[in-house]
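Next come the chains, spelled out residue by residue.
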Amino acid sequence: MQNRPSGFGNPWLQLGLSVVCVFASELLLKRGASEVAAPDDAFSWTGINGLASPLVWWAIVLIIASFISWLYVLRYIPLNIAYPLSRVVDILVPLGCWIFLGELISTLRWCGIALVVSGLALVAKPIAKMEERL
Amino acid sequence: MSFLAFLFILISLVTFVAAQLILKKAMQFSATKGMRNSYFVSRVAIGVVLMTVSFFLTLGLLQRFDLSYLYPFQGLSVIFITILAAVVLKEKLSARLAIGALLITAGILLVSMS
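Structural notes, computed from the coordinates. (Residues numbered from 1 in each chain as written. Chains lettered and ligands numbered in written order. Predicted model: local features only at pLDDT ≥ 70, side-chain atom pairs only at ≥ 80, totals over all residues.)

**Focus on the overall build of chain B**
Link 1 in the chain: Of the regular secondary structure elements, chain B holds five helices and zero strands.
Link 2 in the chain: Moving toward the C terminus, one meets the helices and strands of chain B in the order α-α-α-α-α.
Link 3 in the chain: The 114 residues of chain B split such that 38% are buried. (Helix = DSSP H or I, 4+ residues; strand = E, 2+ residues; numbered from the N terminus. Buried ≥ 20, exposed ≤ 12 C-beta atoms within 10 Å, placed from the backbone.)

Here it is as structure tokens:
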């Protein structure tokens, strides 16, 4: 972690921004996809019809922004610290589905989500180390 | 969930993980050899194509399923990385990793039944 810049260039702030961008982009993609959903049309499996929704374009902008700030974060914070922290998004997304998208999440699904999140928390560090070597 | 949906979830995850690793290799390569060479450009191009495939498949899936249903499946990417590391790096599975992978798998099973 060499001389960390402060202010907007603070890598911890950028890590937070990256997580928020990923979170928001997931919700926007879902909203956008639902707007133009054509489940009876086989072509819509390709997802290309999703481009008709402006929300999907906003999501793309956020994905690119999250990618840029993530690359910046990796210059200052080691992957095996940054990656486990970035997994906070796995808790935010289901909560966002419930609060902002109004998805009805059954007890069974909440239990499944909790298991996945705890599994991810456990493996985040070893996985980051593996990814670094791969 | 139909077989088709499961297949697309798998393809979108595998392409995403592959793209990440290929892009990372390309960036590492560029650090020493620069960006003006066909190796770097072709790897970045492959990475971007794979990312795009993953993105659009996800968009197709989101038209049919709840985000709270699809999102947990991203946990499977951990299993792909573990398998890949075992094959490429001959890395042994630690107890922590094995338990984590089991938890994720059990969680995804519950979500897919919901």
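**Some points on the nonpolar core**
Link 1 in the chain: Core analysis: the biggest nonpolar cluster contains 54 residues, and Val123 of chain A together with Val78 and Ile104 of chain B have the highest contact counts within it.
Link 2 in the chain: Residue contributions to this core peak at ten residues, all from helix α5 (residues 107–133) of chain A.
Link 3 in the chain: In contact with valine 78 of chain B, not counting residues within four places along its chain, are Leu120, Val123 and Ile127 of chain A together with Ala101 and Ile104 of chain B. (Core = buried A, V, L, I, M, F, W, Y, C linked by C-beta atoms within 7 Å. Contact = placed C-beta atoms within 7 Å.)

**Notes on the interface of chain B and chain A**
Link 1 in the chain: Residue-level contacts link 38 residues of chain B with 41 residues of chain A.
Link 2 in the chain: Sorting the residues of the side of chain B that touches chain A by element identifies α1 (3–33), α2 (38–62), α3 (67–70), α4 (76–88) and α5 (95–113) of chain B as the ones contributing at least two each.
Link 3 in the chain: The element contributing the most residues to the side of chain B that touches chain A is α5 of chain B, with 13 residues.
Link 4 in the chain: Along the lines of polarity and charge, the residues of the side of chain B that touches chain A split into 25 nonpolar, nine polar and four charged. (Nonpolar A, V, L, I, M, F, W, Y, C, P; charged D, E, K, R; others polar.)

**Things to note about α4 of chain B**
Link 1 in the chain: Taking 1.5 Å as the rise per residue, α4 of chain B with 13 residues should run 18 Å; its terminal C-alpha atoms sit 18 Å apart, in good agreement.
Link 2 in the chain: All of the buried residues along α4 of chain B are Val78, Ile79, Ile81, Thr82 and Ala85 of chain B. Seen end-on, α4 of chain B carries its buried residues on one side only, within an arc spanning 165 degrees. In α4 of chain B, the exposed positions angled more than 90 degrees off the buried face are occupied by Ile83, Val87 and Val88 of chain B.
Link 3 in the chain: The inward-facing, buried residues of α4 of chain B contact α5 of chain A together with α1 and α5 of chain B.
Link 4 in the chain: In the segment just after α4 of chain B, lysine 90 of chain B is the residue with positive phi, at about 55 degrees. (Expected span 1.5 Å × (residues − 1). Arc of directions from axis to C-beta.)

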